[in-house]
Amino acid sequence: MKKMSLTQKIILGMVLGIAAGLIINYGGFNQKGGFVNEYIVEGLFNIVGQMFVTSLKMLVVPLVFFSLVTGVVGIGDIRQLGKVGLKSFVLYLLTTALAIALAITIAGLSHIGEGANLSTDAVFTAKEAPPLSSVLIDIIPSNIVNAMAEGKMLQIIFFSILFGVSILMVGKKAAPLVSGFEILNEVMMQMVNIIMAVSPYAVFALIAKAVSSLGLDLLVNLAGYVVVLVSALAIHLFVTLGGILKILTRLQIGIFFKKIREIQIFAFSTASSNATIPVTLRVVTEKLGVDNSVASFTIPFGATINMDGTAIMQGVATVFIANVYGVDLGIDGYLTVILMSVLASIGTAGVPGVGLVMLSMVFTQVGLPIEGIGLILGVDRLLDMIRTAVNVSGDAAVSVIVAKSEGKLNEEVYKDPDAASKEGEIEIDEKVEKELAEVVEKVHEKA
Ligand code: ASP
């Protein structure tokens, strides 16, 4: 029998996870205090899933730091660095704005929520949007250890770029440091590979747990909202992102969508763009052929500021709740929603559930009742998973576009269906192994 590739195993894990989750959910096995709930869902699935997500998170900060410093040194030219930064920033804002405009249009045309009689006792507390000034000031870390400890992505990016640029300015003397960073970057990538090797089981556990505890009955109540939202997400993914990618790069789009499946599954299982960074970075560089000098910047940057899927949720949710409460927002209101969503996505990190927090900022701004959010709270977990998959797809698409325009895309790798096919197999170089053994022996001799 042919050995399954890692991607195939991950997909199998997802499918089995959905099946197991549905059986537990529909079979009514997930009663609180029951055996299945206590030991399987909240026990086994929860432990395996959380251990995996935590290990991915563990890699994020060092991976971003080492690969970004290596990337900046790799670009070697500060002006070109600025170009990569500007292009990705503009593309990220553009795709997010298009996403939310599309969402408002589709939701508006489908009249969701009009005349609905929904009630809720779920409460949601609003958050004020941080003013633009503090978003800007917050890009600079006052203490890099603190920024790394808290995983503040924009601050880490800022520091890493400055660090890389300074290495370039020090020049020849810093050469050993450059190789050091390159090696560290490779080591981090190996750590990603090790963790990826167990990912099919983790994906199974994460998805089985999520599906078994989802309020599936609620989906029916909110069917209009869910259907419109999921359709808008699909249209954005395949038409908007696919279209922009095709027009700007002339590459074959089918390959792109096939190769990013793995990233989407991880985003779906973890509901966190941030936790998915190690996987995204690996797929974009090793399978899509984007040079590390571009990807090391665009991926962590995108995970933080680019949230097309989340923006779509905000557009659809705003129209839905405005209709439920019979509020007419008018053109002004909707323009504010677009602007607010784009701004809110810049300052907020890609972690589970943050979309709802952003939505509350939007609602406060346009004067919609915050209690409205309680209506969609019950189905948000599932929708969070789906929109996160769209968020990371946008990051990958923009990375390919920017890389292509900068001549930093290896098209051979992009086209190669087997690129990085040794994924997930942990191999230790024989020569290195021998050398290491010799070193160990010498140390023993000395001792
Ligand atoms: N979970 C999403 C992300 O990490 C953000 C959200 O929409 O809640 O990208």
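Caption draft 1: Representation of the overall build of the protein chain within the structure. Within the protein chain one finds 20 helices and zero strands. For a compact globule of 447 residues, the expected C-alpha radius of gyration is about 22 Å, and the protein chain comes in at 23 Å, within 12% of that figure. In terms of its C-alpha atoms, the protein chain occupies a principal-axis envelope of roughly 80 × 55 × 45 Å. Taking all 447 residues of the protein chain together, 51% fall into the buried category. The long-range share in the protein chain, meaning contacts at least 24 apart out of those at least 6 apart in sequence, stands at 84%. Accessible surface, the protein chain: about 20,900 Å² in total, of which carbon and sulfur atoms supply 64%.

Caption draft 2: The packing of helix α1 (residues 6-26) against helix α8 (residues 199-212), seen in detail. α8 packs onto α1 with a crossing angle of 25 degrees between their chain directions and a minimal axis gap of 7 Å. If you check the angle between α1 and α8, you find them roughly parallel. In the packing of α1 onto α8, the handedness of the crossing is right-handed. Residue composition of the contact of α1 with α8, grouped by class: 14 nonpolar, six polar and one charged.

Caption draft 3: Highlighting the site of the ligand. Every one of the 14 residues lining the ligand counts as a neighbour, but Ser 273, Thr 310, Gly 355, Asp 384 and Arg 387 are closest to it. Contact between the ligand and Thr 310: an oxygen atom at 2.6 Å from a side-chain N or O atom of the residue. In this structure, Gly 353 approaches the ligand through a main-chain N or O atom, which is 3.5 Å from an oxygen atom. Burial of the ligand by the protein chains amounts to 100% of its free accessible area of 270 Å².

Reading the values: rules and limits
- Residues numbered from 1 in each chain as written.
- Predicted model: local features only at pLDDT ≥ 70, side-chain atom pairs only at ≥ 80, totals over all residues.
- Heavy atoms only, no water.
- Helix = DSSP H or I, 4+ residues; strand = E, 2+ residues; numbered from the N terminus.
- Rg over C-alpha atoms; globule rule 2.2 N^0.38 Å.
- Buried < 20%, exposed > 50% of the residue type's maximum accessible area, 1.4 Å probe, protein only.
- Contact = heavy atoms within 4.5 Å.
- Areas by Shrake-Rupley, 256 points an atom, 1.4 Å probe, with all protein chains shown as cover.
- Axes fitted to C-alpha atoms, helices over the stretch in contact; angles between N-to-C directions.
- Parallel < 35°, antiparallel > 145°, perpendicular 65-115°, else oblique.
- Left-handed = near helix turned anticlockwise from the far one by under 90°.
- Nonpolar A, V, L, I, M, F, W, Y, C, P; charged D, E, K, R; others polar.
- Near = heavy atom within 4 Å.
- Polar contact = N/O pair within 3.5 Å; in protein donor to acceptor, adjacent residues only side chain to side chain.

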